[in-house]
Amino acid sequence: MGVRNYLIEGVSGAGKTAVCDELNRRGFQAIHGDRTLAYRGDPETGEPVEDSAPGHHIWDVARVRTLVADHTVPVTFFCGGSRNHAKFIDLFDAVFILDVDRDTMLRRIDERVRVDPTDWGGRPEEREICIRMHETKEQVPPGQLIDATPPLTEVVDEILRRVSVRRGG
């Protein structure tokens, strides 16, 4: 994927998908990890599980390693959350954590669920998990905080400023 690779993480509703879409729109290689790399599995062993607990939302480590090893583009952004990030976080040149206040997070989850009622955070028990994870930052890796409350274009501009790249890499 990229000579340089970056992980963009954060709690539910922080804006990972929107940032990924905007990076793609600007011509960057950006991977929707929650769509293309994620599955339900044990974060330690990687074995698939039937449990829908948020702790079992993991990425395919072998696929992440393969994508990072492909240096056909100058920069690649991996966007999304995984509970097994410790298995591959060392592959990234930097990790950016999208940070939002609780009200922004809940508003974004509500907007998302209005479009797709089955999306994560739509059920009361999922919403409570989102609130707890926002408060505790549990399962969020260490990284550089990015204020994700400004308009999307400003958030992406800040990420690109920090990695010192222009349009398309």
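The residue count restarts for each chain, going from 1 along the sequence in the order it is written. Confidence filtering applies because this is a predicted model: local features only for residues at pLDDT of at least 70, side-chain atom pairs given and counted only at 80 or more, and all residues used for totals across whole chains, interfaces and linings. In computing side-chain values, all of the structure's heavy atoms are included and hydrogens and water are not.

## What about the overall build of the chain?
Logical step 1: Each helix and strand counted, the chain has six helices and seven strands in total.
Logical step 2: Listing each helix as α and each strand as β along the chain from the N terminus yields β-α-β-α-β-β-α-β-β-α-α-β-α.
Logical step 3: When we talk radius of gyration, it's over C-alpha atoms, and the globule rule is simply 2.2 Å times the number of residues to the 0.38. A globule of 169 residues ought to have a C-alpha radius of gyration of about 15 Å, and the chain, at 15 Å, matches this closely.
Logical step 4: Referenced to the eigenvectors of the C-alpha coordinate spread, the extents of the chain come out at roughly 40 × 40 × 25 Å.
Logical step 5: For every accessible area listed, the method is Shrake-Rupley and the probe measures 1.4 Å; residues are considered covered only by the protein chains on display. Of the roughly 8,500 Å² of accessible surface on the chain, a fraction of 51% belongs to carbon and sulfur atoms. By the criteria applied, helices consist of DSSP H or I runs no shorter than four residues and strands consist of E runs no shorter than two, each listed in order from the N terminus.

## With respect to helix α4 (residues 102-115)
Logical step 1: When the terminal C-alpha atoms of α4 are compared, their 20 Å separation across 14 residues agrees well with the 20 Å that a helix rising 1.5 Å per residue should span.
Logical step 2: Burial status follows relative accessibility: with a 1.4 Å probe on protein chains alone, a residue under 20% of its type maximum counts as buried, one over 50% as exposed, and anything between as partly exposed. Within the sequence span of α4, burial applies to Thr104, Met105, Leu106, Arg108, Ile109 and Val113.
Logical step 3: Elements that come into contact with the buried residues of α4 comprise α5 (124-136).
Logical step 4: Capping the start of α4, Asp101 holds a side-chain oxygen 3.1 Å from the backbone nitrogen of Asp103, two or three residues further along. By this rule the span expected of a helix is its residue count minus one, scaled by 1.5 Å. In this description, contact between two residues means that some pair of their heavy atoms is separated by no more than 4.5 Å. In the analysis that follows, any N or O atom pair within 3.5 Å is treated as a polar contact, provided that within protein one partner can donate a hydrogen and the other can accept it, and provided that, for residues neighboring in sequence, both atoms belong to side chains.

## Quick word on unusual backbone geometry
Logical step 1: One non-glycine residue, Lys137, adopts positive backbone phi at about 60°.
Logical step 2: Along the chain, Lys137 falls in the loop between α5 and β7 (144-147).
Logical step 3: On the basis of relative accessibility, which here comes to 34%, the residue Lys137 falls in the partly exposed class.
Logical step 4: Of note, Gln139 is a non-glycine position whose phi angle comes to about 70°, a positive value.

## Section: the pairing of strand β6 (residues 94-99)
Logical step 1: Here β6 lies mainly inside the structure; five of its six residues are buried.
Logical step 2: Should DSSP find at least two bridges between two strands, the strands are taken to pair. For β6 and β7, the ladder comprises four bridges, and the chain directions are parallel. Along β7, the bridge assignment pairs Ile97 with Leu145.

## Regarding the packing of α4 against α5
Logical step 1: All axes are obtained by fitting lines to C-alpha atoms, using only the stretch in contact for helices, and the reported angles, taken between N-to-C directions, cover 0 to 180 degrees. Running from amino to carboxyl end, α4 crosses α5 at an angle of 150°, the nearest separation of the two axes being 11 Å. The pairing of α4 with α5 is recorded here as roughly antiparallel in orientation. Here α4 runs over α5; the crossing is right-handed. Between α4 and α5, the contacting residues are Arg102, Met105, Leu106, Ile109 and Asp110 on the first element and Arg127, Cys130, Ile131, His134 and Glu135 on the second. In these notes the angle categories are as follows: under 35 degrees is roughly parallel, over 145 is roughly antiparallel, 65 to 115 is roughly perpendicular, and the rest is oblique. Each crossing is labelled by how the near helix is turned from the far one, with a counterclockwise turn of less than a right angle marking it left-handed and a clockwise turn marking it right-handed.

## Focus on helix α6 (residues 152-163)
Logical step 1: For α6, spanning 12 residues, the distance from its first C-alpha to its last is 17 Å, which sits close to the expected 16 Å at 1.5 Å a residue.
Logical step 2: All of the buried residues along α6 are Val155, Val156, Ile159, Leu160 and Val163. Taken around the axis of α6, the buried residues stretch over an arc of 130°, which confines them to a single face. The arc in question is the one spanned by the directions pointing from the helix axis to the C-beta atoms.

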